Amino acid sequence: MSAITAEPPASTGQAHHPEVGFFHKYIWTYDHKMIGIQYLWTALFFLLVGGGLALLVRYQLAWPNTPVPLIGQFLPATVASDGAIIPGGYNMLVTMHATLMVFFVVMPLLIGTFGNFLIPLQIGAGDMAFPLLNELSYWLYVVSGFLILAAFFAPGGAPGTGWTAYAPLSAEAKYNGTQMGQSLWGIAIFVNGLSSIAGATNYITTVVNMRAPGMTMFRMPLTVWSLFITAILLVLAVPVLSAAAAMLFCDLNMGTSFFKPAGGGQPLLWQHLFWFFGHPEVYILILPAMGLVSEIIAVFARKPIFGYKAMVYAMIAIGFLGFIVWGHHMFVSGMNLTLSATFSVSTMFIAVPSAIKTFNWMGTVWRGSIEFTTAMCFALAFVTMFVIGGLSGIFMASTPVDLFVHHTYFIVAHFHYVIFGGSILAIFGALYFWFPKMFGCMLNETLGKVHFFLTFIFFNLAFFPMHNLGLGGMMRRIADPTVYEHLRQLQPLNQISTIGAMGLGFTTFIFLGNIIITLWNRKSHPAPDNPWHANTLEWTVPSPPGHGNFPVTPTVYHGPYEYSVPGLDKDYLPQTEPAPAHVKLEAH
Amino acid sequence: MKFLLRLLPVLAFGLSPALAEQYNNLYWAPPNVTVGGEEIDKILNFIFWLTLLVFIATQAVYITYLVKYRRRPGVKAHYSHGNNKLEIIWTTIPVLIFLGLAIYSNRVWKELFRNPPPDALQVNISSYQFGWDFRYPGADGKLGEVEVKGITAENKFGVKADDPAAADDFTATELVFPAGKPVHIILNARDVIHSFYVPSFRLYQDAVPGRTISWVWFEVKEPINLELACSQLCGKGHYNMKAPIRVLSQEDYDKWFDGKVKAAAQARAMDDEKSLHAAAN
Ligand code: HEM
Ligand SMILES: [Cu+2]
Ligand SMILES: [Cu+2]
């Protein structure tokens, strides 16, 4: 058991809260649950925008230079001409797609939505430590969202230098032709970073100081652990990106030469700064997903998490190792070759904790009593997709193989398996799981299953062939593969992938439809307090919980995963219920 | 439904290899043509079979559990928080495997980047938005040295003015060299980062402005025509930034070389004449 014991949180004061008006309930709110929901709607909006951009990209790759059906003629002149996507416009689409998905969809969903909603509820606190900072963090995110979207309307158009914005292309207007768009990108990333740092500071403070009595560190749900470690990664990594973005802005607009060789700057400095942030960032995108999935799998397998502490230590190890592997993005960047060899070794080792986690998930379903709810299907599929993404990472971690596949579609396949197959599937699962707590009503399970199966099929159809495209020699970020003779034979793969992507786009509307229908008649399928018979604290309060969360500060008696304890009538034991005298809980 | 769950991965993963058979190649990869490239293919294959094995083994166990331990009335889950011995085993095994892989990879990496042989043909490659320039040593077989800071609009290659070896160098807009002979490239970029990428060579290397990359060399076994691609996003014309690669027999190469040397000598003579005229006027 941990030596850290929790102080009781300050009075949660549910009793006398006057009814608040619309503005203070939905727009400027200090309630962490509502802030989480604000993040949810905003990020789902960006998911639609980012997904639309991806479909345009895929359309162009499958059927290059043919007018985009339906929407082609509505595209701005910087992106398309006569309805067909032009090369410069293609670069903008790829850049904006990736930037939106990473900073405006996956991070806000995992960290903004679930971090805000779950942390106070799962540790027994009335709210976050700094509610005002919390709301500020949300609105900074919204501001950064406007800034990034504004780039589309800037003279010259949106930035087209990739989400990685390699200098000096990104740093000199004469090379990229989108001074304003690229500058807006830099400012948006900077403001978005402020939002992340504000949120992360809040999470760390809340987890350290506001746990309910009895909620020791090693009694925290893995979701909270994952978000806590993620928050630490955020405060360490994001400032580096913010600094780099500010330097880029100065290079673009103020005549400095941080990254411009003509003025004595170093193009590789940008890459080192970007990837020093960028690698921890990819783990920022997966750790909370691992936490959410662990929770769901334990609940629907009706089993304690196999190796709870191993899971925690593995996440800590990932967090630590994540800071010493950034060079694997730069094996062939012109960096010293011995450095590449060193980074290759550390990269191999970062796969170890991921393997440990996979084995522990398998251990958790072993001898369970598995119920295949939609949430569980997504969580189970997460594990398989994450294994594929992790295994493809090993190819690239091997320097000689990376010499062949670097910057090809193989990399694109890899990170979509971990980010879509991993993070996004986890987010879908978590939404089915916590929707009842958020909104007080249950999503439709039949539509949910349809959503799950179609997502699973179309996802693999869209992304598996990308491995072969990459090995076939197709580069990332090229507007038209058919200009190369050796890539022309790969066109069928590009078309299969695009069909899969279109299917995914279509399937998203089933999901949104499910949400809308459910919220529309929310009275007809109300959620009980604890629909899944789960142990964590959020299920001990009404759905949705009232202001201040807990009428009385809860006391925690044991860990969050006491499922199927022998000698108990029910197969779960909420954290607020002490085990009866005749029942012995296993140490973990 | 559970049956479907099992069927899906099989379908998804069966698809790509099945299509690939048409091309007689599991990965759809273009055949390797360089001397060291097999080593990369070997390690790629090794990792492929290793990871396939791991994938099949873990998924077989996983799916078996999912089917076997699905909810059944009256059957309670087993209560267990884990097993430390198992944790140690499944931590140690991956550590050993990855350690082995890291050692294997680094050995090949070192081999690939050993110093180029002294008799290698040196070619200076200068990349720009959006194309490639190539510079070859002339009859003296020696390439004039490059000085990155000296790269200007007139001196595209940044050739050191006082280097006598540079006098007879000639330039081309395609990469031409003989099969069976090591080629050592000196890689520069004039504006933004580009990259030298030839999948059939199993080779990728960024060209960074402000730096000279001088550690890349390769040897192609047979004559072949290929395309050099830029694989680092470099602006609007990036997708079409390519140059022909012609690997010739020694004989054909010698012919091409002689023609180039003669043409270059003529061009220089004309230049000299012009400047003489200019001086006379
Ligand atoms: C299992 C361990 C993993 C290993 C060994 C690994 C290895 C690598 C390597 C070596 C690269 C660089 C490849 C190249 O550019 O040539 C890479 C790229 C990438 N990885 Fe992973 N990875 C792992 C897990 C993850 C996870 C969990 C995520 C995110 C959720 C992730 C996201 C990415 C992304 C986004 C890129 C590409 C970045 C870019 O160039 O745009 N990876 N990975
Ligand atoms: Cu990385
Ligand atoms: Cu280029």
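Here the structure is a predicted model, which is why all the values come from computation and not from measurement. (Residues numbered from 1 in each chain as written. Chains lettered and ligands numbered in written order. Predicted model: local features only at pLDDT ≥ 70, side-chain atom pairs only at ≥ 80, totals over all residues. Heavy atoms only, no water.)

Thoughts on the coordination of the copper ion (ligand 2)
All names here are of chain A. Distances from the copper ion (ligand 2) to its protein donors, H279 (ND1), H328 (NE2) and H329 (NE2), fall within 1.8 to 2.1 Å. In the primary structure, the donors to the copper ion (ligand 2) are separated according to the pattern H-x48-H-H. Here the copper ion (ligand 2) and the iron atom of ligand 1 are spaced 4.7 Å apart. Placement of H279 in helix 8 (residues 267-284) and of H329 in the loop between helix 10 (308-321) and helix 11 (337-365) is noted, with a sequence separation of 50 residues between them. The residues H279 and H329 share a single accessibility class, namely buried. (Donors = N, O, S within 2.8 Å, 3.2 Å for Na, K, Ca; no water. Helix = DSSP H or I, 4+ residues; strand = E, 2+ residues; numbered from the N terminus. Buried < 20%, exposed > 50% of the residue type's maximum accessible area, 1.4 Å probe, protein only.)

Considering the site of ligand 1
Residues and elements named next belong to chain A. The full set close to ligand 1 counts 22 residues, and W163, D402, H406, H414 and R476 are the nearest of them. Between ligand 1 and H406 there is a distance of 2.5 Å, counted from an oxygen atom to a side-chain nitrogen or oxygen. At 3.0 Å from a nitrogen atom of ligand 1 is found a side-chain nitrogen or oxygen belonging to H414. Only helix 8, helix 11, helix 12 (374-397) and helix 14 (409-439) provide two or more residues apiece to the shell around ligand 1. (Near = heavy atom within 4 Å. Polar contact = N/O pair within 3.5 Å; in protein donor to acceptor, adjacent residues only side chain to side chain.)

A look at the coordination of the copper ion (ligand 3)
Residue and element names in this part refer to chain B. Distances from the copper ion (ligand 3) to its protein donors, H194 (ND1), C230 (SG), C234 (SG) and M241 (SD), fall within 2.1 to 2.4 Å. Around the copper ion (ligand 3), the 4 donor atoms are arranged such that angles at the metal cover 92 to 122°; this shape is classified as tetrahedral. Expressed as a motif, the donor residue spacing for the copper ion (ligand 3) is H-x35-C-x3-C-x6-M. Here the residue H194 occupies a position in strand 6 (residues 194-198), and M241 occupies one in the loop between strand 9 (224-230) and strand 10 (242-248), the gap between them amounting to 47 residues. Residues H194 and M241 agree in their burial class; the two are buried. (Tetrahedral: all angles 85-135°; square planar, octahedral: opposite > 155°, others 65-115°.)

Considering the pairing of strand 2 (residues 131-136) of chain B
Residues and elements named next belong to chain B. Counting buried positions over the 6 residues of strand 2 gives 6, a clear majority of the element. Residue alternation in strand 2 divides its side chains into two sets, G131, D133 and R135 and W132, F134 and Y136, and both sets are buried. Here 5 bridges tie strand 1 (residues 121-128) to strand 2, and the two strands are oriented antiparallel to one another. Bridge pairing links S127 to W132 in strand 2. Two successive antiparallel strands, strand 1 and strand 2, enclose a turn made up of 2 residues. Direction of pairing for strand 2 relative to strand 3 (residues 170-172): antiparallel, over a ladder of 3 bridges. Paired with R135 across the strands is T171, a residue of strand 3. (Pairing = 2+ DSSP bridges.)

Just distances and angles here, no functional claims.
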